[in-house]
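Residues per chain, in single letters:
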Amino acid sequence: MSEDEIMVFIVSAGLAVFGAAKYRTGRLPGLVRRDNPGLGLIRLAVLAGMGWLVYVLARHADPSVQGVYNVFYLVMGYAALQCFGKGGAHLFGAHARIDAGERKNWAAALFVAGFTLGTGLIFGASLWGEADPTGDGEGGWWIPLGFFLLGWSVMAGGLTLYCWREPGSFRKRIRQERDAGTALGAASFAISASVLMVSAVSGDFWGWTHGLKDVMLAAGLLIVHEFIHLPDRLTDRIPALRWIESGIYFGVVAVNLLIQWLR
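For the structure given in this document, a descriptive report is provided here.

The rules we used
Residues numbered from 1 in each chain as written. Predicted model: local features only at pLDDT ≥ 70, side-chain atom pairs only at ≥ 80, totals over all residues. Heavy atoms only, no water. Helix = DSSP H or I, 4+ residues; strand = E, 2+ residues; numbered from the N terminus. Buried < 20%, exposed > 50% of the residue type's maximum accessible area, 1.4 Å probe, protein only. Contact = heavy atoms within 4.5 Å. Salt bridge = Lys/Arg side-chain N within 4 Å of Asp/Glu carboxyl O. Axes fitted to C-alpha atoms, helices over the stretch in contact; angles between N-to-C directions. Parallel < 35°, antiparallel > 145°, perpendicular 65-115°, else oblique. Left-handed = near helix turned anticlockwise from the far one by under 90°. Nonpolar A, V, L, I, M, F, W, Y, C, P; charged D, E, K, R; others polar. Patch = residues over 30% accessible without salt bridge, like charges linked within 9 Å, V, L, I, M, F, W, Y side chains within 5 Å. Areas by Shrake-Rupley, 256 points an atom, 1.4 Å probe, with all protein chains shown as cover. Polar contact = N/O pair within 3.5 Å; in protein donor to acceptor, adjacent residues only side chain to side chain.

### Overview of the overall build of the protein
Phase 1: Per the secondary structure count, the protein includes 12 helices and 0 strands.
Phase 2: Each helix (α) and strand (β) of the protein, taken in turn from the N terminus, gives the series α-α-α-α-α-α-α-α-α-α-α-α.
Phase 3: Burial status across the protein gives 47% buried among its 263 residues.
Phase 4: Summarising the internal contacts of the protein: among those between residues at least 6 apart in sequence, 80% fall at separations of at least 24.

As structure tokens, then:
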């Protein structure tokens, strides 16, 4: 490993430890952890994200990613799940330890899990494919990191606009009202946008414009959100709209994946 790779590894390990300590729930009192499925859901999201990363490294990563570099990217991925996943969800008002753990807030846990899983999917996909498919050049850590940051920014930026256009305060609904429907819609958006970003950032590198179609589809999810909640803004809340909204998001993603598979 080069000097810059060693430095990135040390920073990643430090961020991983920091995030794990900040959001850890294992030492919460047993009474808090008992009958609290939200904690399990968040842990499952982290495990799923790491499992996806292991799969990509084992089957689809650049041939140069071998040996110690597998550990290198696993540490980077875990740091991303903690700091960009759980930490990113905290920016939207849902804290993994305080809200989901200490307060047993299922809505917060659902949102944290969805955002964390989306983060893990994007990071793993950023390692999928060769950096120089037409030549003999090898990539570097900055290439998957750059693709991850781009994909994550689209997901987080889209979710910021999503929350801004929510009827009422998103943060209040999640933390104070514990509205599971609001959390379901936001988590579905985050996961759907992340899957679209998986398509955008994965595969061999053919240029920065390769994934523009998927970015446009992610923007289209915001249009769906705007129209699906028009009745919500005119009348009282309609809980069934959240299920319809989530179904449309996942439907768009499924059709996109099907079209790519049939090519």
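### Notes on the pattern of salt bridges
Phase 1: Evaluated as defined, the whole model comprises 6 salt bridges.
Phase 2: A salt bridge links Arg-97 to Glu-102, with the nearest nitrogen and oxygen atoms 2.8 Å apart.
Phase 3: With relative accessibility at 26%, the residue Arg-97 sits in the partly exposed group.
Phase 4: Measuring nitrogen to oxygen at the nearest pair gives 2.9 Å for the salt bridge that ties Asp-99 to Arg-103.

### Focus on unusual backbone geometry
Phase 1: At Lys-104, a position not held by glycine, the phi torsion is positive, near 50°.
Phase 2: In this fold, Lys-104 is placed in the loop between helix 5 (96-102) and helix 6 (106-126).
Phase 3: Here the phi dihedral of Arg-178 falls at roughly 55°; this positive angle occurs in a residue that is not glycine.
Phase 4: Among the secondary structure elements, Arg-178 is positioned in the loop between helix 8 (170-175) and helix 9 (180-201).
Phase 5: When its relative accessible area of 40% is taken as the criterion, Arg-178 is described as partly exposed.

### Some thoughts on the packing of helix 6 against helix 7 (residues 142-164)
If you want to describe how two helices pack, look at the angle between their axes and the distance between the axes.
Phase 1: At their nearest, the axes of helix 6 and helix 7 sit 8 Å apart, and the two run at 150° to each other. With respect to helix 7, the element helix 6 is oriented roughly antiparallel. As helix 6 packs across helix 7, the resulting crossing turns out to be right-handed. Across from Phe-111, Phe-115, Gly-118, Thr-119, Ile-122, Phe-123 and Ser-126 in helix 6, the residues of helix 7 making contact are Pro-144, Phe-147, Phe-148, Gly-151, Trp-152, Met-155, Ala-156 and Leu-159.
Phase 2: Here the contact of helix 6 with helix 7 is built from residues that sort into 11 nonpolar, 4 polar and no charged.

### Structural notes on a nonpolar patch on the surface
Phase 1: A grouping of Met-1, Ile-6, Ile-10, Val-68 and Val-71 is seen on the molecular surface, where their side chains present a nonpolar patch of about 420 Å² in accessible area.
Phase 2: Mapping Ile-10 onto the fold places it in helix 1 (residues 3-23).

### Remarks on the environment of Asn-36
Phase 1: Its location among the elements puts Asn-36 in the loop between helix 2 (30-33) and helix 3 (37-59).
Phase 2: The buried category is assigned to Asn-36, whose relative accessible area is 8%.
Phase 3: Once the C-alpha coordinates of Asn-36 and Asn-105 are considered, the two residues, 69 residues apart in sequence, prove to be 8.6 Å apart.
Phase 4: Residue contacts for Asn-36: discarding those within four places in its chain leaves Ala-100, Gly-101 and Lys-104.
Phase 5: A polar side-chain atom of Asn-36 sits 3.0 Å from the main-chain carbonyl oxygen of Ala-100.

Geometric descriptors of this kind do not, in isolation, establish any biological role.
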